[in-house]
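# Analysis of the macromolecular model
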Amino acid sequence: MQLLLSSVCMALTSAVIGFAYYQKQQFYPAVVYITKSNASMGVIYIQFFVIVFMFGKLLSKIFLGTLRAAEFEHLLERFWYALTETCLAFTVFRDDFNPRFVALFTVLLFLKSFHWLAEERVDFMERSPVLGWLFHIRVGSLLTVLGILDYVLLIHAYNSTLVRGPTVQLVFGFEYAILLTVIASTAIKYVLHAAEMRTDTPWENKAVFLLYTELVIGLIKVVLYILFVVIMAKIYALPMFVFRPMFFTIRNFRKALNDVIMSRRAIRNMNTLYPDATPEELRQSDNICIICREDMVNHSKKLPCGHIFHTTCLRSWFQRQQTCPTCRLNILRTPTVNSTAMPRQGDEAVAAAAGNPIPAAAGVQPAGGVPPPAPTAVVDGNQARADVNVAGGQALPPNFADLFGDASGLPNGLPNLAGLQIPPPPVMPMISPFMIPPHFGYLTPLPPPPIPQDLTNFTDEELRAMEGLQRDHIVQRLKLLQNINLMLDSAGIMMSQYQSLSARLQLTAVTPATAVNGSADSSVYDMPSTSATAMAQLETHQVTPTAAASSASPTMPAEKVTIEDLGADADEDDIPSTATEAVSIPNSDADFEENSSELGELRKRRLKFLEERNKSAATNERTTAE
Amino acid sequence: MAGSALRRLMAEYKQLTLDPPEGIVAGPISEDNFFEWEALIAGPEGTCFEGGVFPARLIFPTDYPLSPPKMKFTCDMFHPNIFADGRVCISILHAPGDDPMGYELSAERWSPVQSVEKILLSVVSMLAEPNDESGANVDAAIMWREQRDEFNAIARRLVRKTLGLPA
């Protein structure tokens, strides 16, 4: 088949040359004719490749003899990959594409093929027990020739790059450097194999040398690849054709590194953990290493399970598995320590999980009255709230009362209002616990109530009075706006008083309860009323419960004056709730008077508000002093 | 590394020639390469493979006996634990360590104490008693489990084929 192909190519070439010479009759014109004809050049190129192929076969006959089937298959596989990468390289160097370029790459592929074959042949040394002198002569000469060629071509590429700058020679320089590392690795392996074959006894250190050779060569290759990629990325573009061999090189290097680490660990473990076997033990246990099936004369190790092996055989096995080859006992102490550490961590995790319920249980126990720990305050609060609900109207400690008030201010507002409807004597003891919660609930319903009350209170006549465009209509609207302004001012004053009360609440433990009671009282009665005057009255009232006996007497005349100013008839009672109820009635009367009067009423209201403001300011000063 | 493997293979070959087990013949294909063996396995008596002689090939790694060899029948085989292309799937030939699929115990997998003789004896045992729980050839596993007669017929046909007899 190959002979037929080469014969056909030879015939074609001869025909082309003969035809050209026949046409031109002279040498030079014939050469020019062939050069300018694409078909003729194609035939010449094919002939060139055939000659290269035949030369390759000749050299392989000389240096390698007959190729084995496995070698040929591997060669074909690698050749196709190399050819693909060469095509990728062509795409990078499109500008430099010319016959010389193709010739250079052909030489590179040619040498690569022989490098691969040399590598295969040296690996085969270990597999074949029969090797003659012819084998050594062939392999030695092949390695020498390839090494010299790689070095010469590398120097040539290096000099060319220095002279002309970065060109395609960069790729050739890099490729020949890689091939040089391959040939170095192959040569070292050959020397090691040959040295071992010279002696009949197994050479223990050979595996170590092979391992470190693999590691060093792998490192050099990785560095070369990284250097090449960086240089090419700067000058041309990323060399895509290099990534596949680079990936394999890095993977092999990592595997070699892992092997070295495992080997060193195995050696350290064997030297420190396992004793040497004594001659008596060797005699007792059949004296044969089960791994290599040879006699154990010296350098034997006894594992904790009692089995004995060669030191080198055991080290090789430990690089893969840390178990006894015979009984598979897990024998390395380091993994044993790790395995025992894991259950300990598990126990700690279990203890931590068990610890979580313990604080919770401890938190539940203090619900009876002991102050709870901070993390379980919510749980304790729930317990306290449940106790409060169960207790009903019973008196509660200040702490639980505060929690109860914080949790449910609004719902307690209604019971307080309902409680007011009860006759005064029985209401007092009931009001005491329920007065506290609305302290914070008052803030929430502040915006909504005034609007519907205003709308409901206005009659149709009042609305028509404010809709017109005449003087009277504008006067009515101004009155309403002034009322709103007064109410807002009163609200602001009350807010500031609440802030001072809350500050006092934080200072002392006893006073806050009383203060909260006072604020609750005022906030409850504030809801039904919409008049600034009523608010002023409430402000005066809320000071009464917090004032001392001596300060209570000056407050009473103020109330009397206020009532007299309103002109309403009211029975003076010591009970504050009754007085508040009496105050609410005159508000409606005042509204009717306002409807009938005009500017005179406005002036009177202004004067009353100013007087009441002065009184409330004086009262605030007293409260602050207290 | 391959040096110790070569010495061990030579020792095993010597042992097999001196004391061959019944129904098994094995040895290197050529004197130049001890890492490729050829074996002839006789079908176990009392089974559907009785009377057959099945050729197989074993390829040993360079780190033998630390890693197991690969075994492949070079004739047509129809068996739950033999792939269609002839590769043998048996626990003794699997790399040491835990089975990633969870079917085999680590004690059943390869160990340096194993040998070619033990491998071949395990294969003979596998021919006699297939394991249909983890089938390499699913069709054969199902047929062996549910249509035993048809399986036996196919096996007998293969036996005659290996012997060169007409079907």
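Keep in mind that what you see is a predicted model, and the values were worked out from it rather than measured.

What counts and what doesn't
- Residues numbered from 1 in each chain as written.
- Chains lettered and ligands numbered in written order.
- Predicted model: local features only at pLDDT ≥ 70, side-chain atom pairs only at ≥ 80, totals over all residues.
- Heavy atoms only, no water.
- Helix = DSSP H or I, 4+ residues; strand = E, 2+ residues; numbered from the N terminus.
- Buried < 20%, exposed > 50% of the residue type's maximum accessible area, 1.4 Å probe, protein only.
- Contact = heavy atoms within 4.5 Å.
- Areas by Shrake-Rupley, 256 points an atom, 1.4 Å probe, with all protein chains shown as cover.
- UniProt positions renumbered as here; feature names shortened; annotations may be inferred.
- Axes fitted to C-alpha atoms, helices over the stretch in contact; angles between N-to-C directions.
- Parallel < 35°, antiparallel > 145°, perpendicular 65-115°, else oblique.
- pLDDT = per-residue confidence, 0-100.
- Buried area = accessible area lost by both parts, 1.4 Å probe.
- Salt bridge = Lys/Arg side-chain N within 4 Å of Asp/Glu carboxyl O.
- Polar contact = N/O pair within 3.5 Å; in protein donor to acceptor, adjacent residues only side chain to side chain.
- Phe/Tyr/Trp six-rings, centres within 6.5 Å; stacked < 30°, edge-to-face > 60°.
- Lys NZ or Arg CZ within 6 Å of the ring centre and 35° of its normal.
- Nonpolar A, V, L, I, M, F, W, Y, C, P; charged D, E, K, R; others polar.
- Core = buried A, V, L, I, M, F, W, Y, C linked by side-chain atoms within 4.5 Å.
- Patch = residues over 30% accessible without salt bridge, like charges linked within 9 Å, V, L, I, M, F, W, Y side chains within 5 Å.
- Pairing = 2+ DSSP bridges.

## Overview of the overall build of chain B
Along its length, chain B carries 4 helices and 4 strands. Along the chain direction, N to C, the helices and strands of chain B fall in the order α-β-β-β-β-α-α-α. Among the 167 residues that make up chain B, the fraction classed as buried is 50%. In chain B, 55% of the contacts between residues at least 6 apart in sequence involve partners at least 24 apart.

## Re the overall build of chain A
Helix and strand content of chain A: 26 helices and 2 strands. By the burial criterion, 35% of the 626 residues in chain A qualify as buried. Of the contacts formed within chain A by residues at least 6 apart in sequence, a portion of 64% connects residues at least 24 apart. For chain A, the accessible area works out to roughly 37200 Å², and carbon and sulfur atoms hold 64% of it.

## With respect to the UniProt feature "transmembrane region" in chain A
All names here are of chain A. UniProt's entry tags residues 39-59, 97-117, 129-149, 168-188 and 223-243 with the feature "transmembrane region", counted in the numbering of this structure. In the segment residues 39-59, helix accounts for 100% and strand for 0%; the C-alpha atoms at its two ends are 30 Å apart. Structurally, residues 168-188 comprises 95% helix and 0% strand, and the distance from its first C-alpha atom to its last is 31 Å.

## Comments concerning the packing of helix α3 (residues 38-64) of chain A against helix α6 (residues 133-164) of chain A
Residue and element names in this part refer to chain A. Packing of α3 against α6 brings their axes to within 8 Å, and their N-to-C directions diverge by 130°. As judged from the angle between their axes, α3 and α6 are oblique. Residue-level inspection shows Lys61, Ile62, Phe63 and Leu64 of α3 in contact with α6, the latter providing Arg138, Ser141, Leu142 and Val145.

## Section: the confidence of the model for chain B
Caution applies to low-pLDDT regions: their predicted coordinates should not be interpreted in detail. Chain-level pLDDT for chain B is 85 on average; 96% of the residues reach the 70-or-more range. Per-element mean pLDDT across chain B ranges from 83 in helix α1 (residues 2-18) of chain B up to 91 in strand β3 (residues 53-59) of chain B.

## Side note on the interface of chain B and chain A
Taken residue by residue, the interface counts 29 residues in chain B and 23 residues in chain A. Approximately 2300 Å² of surface area, both sides summed, lies buried where chain B meets chain A, with 55% of it carried by carbon and sulfur atoms. Applying the counting criterion to the chain B and chain A interface returns 0 salt bridges. In this assembly, chain B and chain A are joined by 2 residue pairs in polar contact (both at pLDDT 80 or more). Going through the elements one at a time, α1 and β2 (33-42) of chain B are the ones with two or more residues in the side of chain B that touches chain A.

## Structural notes on the packing of aromatic side chains
Inspection of every chain in the model, using the stated rule, returns 15 aromatic pairs over all chains. Each ring, one from phenylalanine 174 of chain A and one from tyrosine 225 of chain A, has its centre 5.1 Å from the other, and the planes form 70°; the classification is edge-to-face. Pair noted here: phenylalanine 174 of chain A is in helix α7 (residues 169-198) and tyrosine 225 of chain A is in helix α8 (residues 206-235), with a separation of 51 residues, a long-range link. Here the two residues phenylalanine 174 of chain A and tyrosine 225 of chain A agree in accessibility, since each one is buried. Here the aromatic residues Tyr13, Phe34, Trp37, Phe60, Tyr64 and Trp110 of chain B are joined through ring pairs into a cluster of three or more. Directly above the aromatic system of tyrosine 81 of chain A lies the positively charged group of arginine 244 of chain A, at a separation of 4.0 Å from the ring centroid. Taking the ring centre of phenylalanine 83 of chain B as reference, the NZ or CZ of arginine 87 of chain B above it sits at 4.3 Å.

## A look at the packing of helix α3 (residues 138-146) of chain B against helix α4 (residues 148-162) of chain B
Residues and elements named next belong to chain B. As a packed pair, α3 and α4 sit with axes 5 Å apart at the nearest point and diverge in direction by 125°. The orientation of α3 with respect to α4, classified from their angle, is oblique. Here α3 contributes Ala140, Met143, Trp144 and Glu146 to the contact with α4, which in turn contributes Arg148, Glu150, Phe151 and Ile154. Counted by class, the contact of α3 with α4 contains 5 nonpolar, no polar and 3 charged residues.

## Some details on the nonpolar core
Ranked by size, the top nonpolar core spans 44 residues in total, and within it Met71, Phe73 and Leu120 of chain B carry the most contacts. Sorting the residues of this core by element identifies α1, β1 (24-30), β2, β3, β4 (70-73), α2 (116-128), α3 and α4 of chain B as the ones contributing at least two each. Top element by residues in this core is α2 of chain B. It accounts for 7 residues. In this structure, phenylalanine 73 of chain B is in contact with Ile41, Phe54, Pro55, Ala56, Ile82, Asp85, Gly86, Val88 and Val123 of chain B, ignoring residues within four places of it in sequence. By size, the runner-up hydrophobic cluster in this structure holds 41 residues, among which are Leu109, Val122, Leu143 and Tyr176 of chain A.

## Side note on a nonpolar patch on the surface
On the surface, a cluster of nonpolar side chains totalling about 460 Å² of accessible area is made up of Ile474, Leu478, Leu481, Ile484 and Leu488 of chain A. Along the chain, isoleucine 484 of chain A falls in helix α21 (residues 471-507).

## A closer look at unusual backbone geometry
The amide bond that connects tyrosine 64 of chain B to the next residue, proline 65 of chain B, takes the cis arrangement and shows omega of 5°. Looking at where proline 65 of chain B falls in the secondary structure, it is placed in the loop between β3 and β4.

## Some words on the pairing of β1 of chain B
The pairing of β1 of chain B with β2 of chain B spans 6 bridges and is classified as antiparallel. Counted as the bridge partner of isoleucine 24 of chain B is isoleucine 41 of chain B from β2 of chain B.

## Considerations on the environment of serine 14 of chain A
All names here are of chain A. Here serine 14 lies in helix α1 (residues 2-24). Classification of serine 14 by relative accessible area gives partly exposed; the value is 44%. Separated by 29 residues in sequence, serine 14 and valine 43 place their C-alpha atoms 9.9 Å apart.

## So, the pattern of salt bridges
Under the definition given, this model contains 11 salt bridges over all chains. Across the pair glutamate 175 of chain A and lysine 112 of chain A runs a salt bridge, and its minimum N-O distance is 3.3 Å. Here glutamate 175 of chain A is found in helix α7, whereas its partner lysine 112 of chain A is found in helix α5 (residues 99-125), with 63 residues between them in sequence. We note that glutamate 175 of chain A, like lysine 112 of chain A, is buried. Linking aspartate 85 of chain B and arginine 87 of chain B is a salt bridge whose minimum nitrogen-to-oxygen distance equals 2.9 Å. Exposure remark for arginine 87 of chain B: the relative accessible area of 40% places this residue in the partly exposed category.

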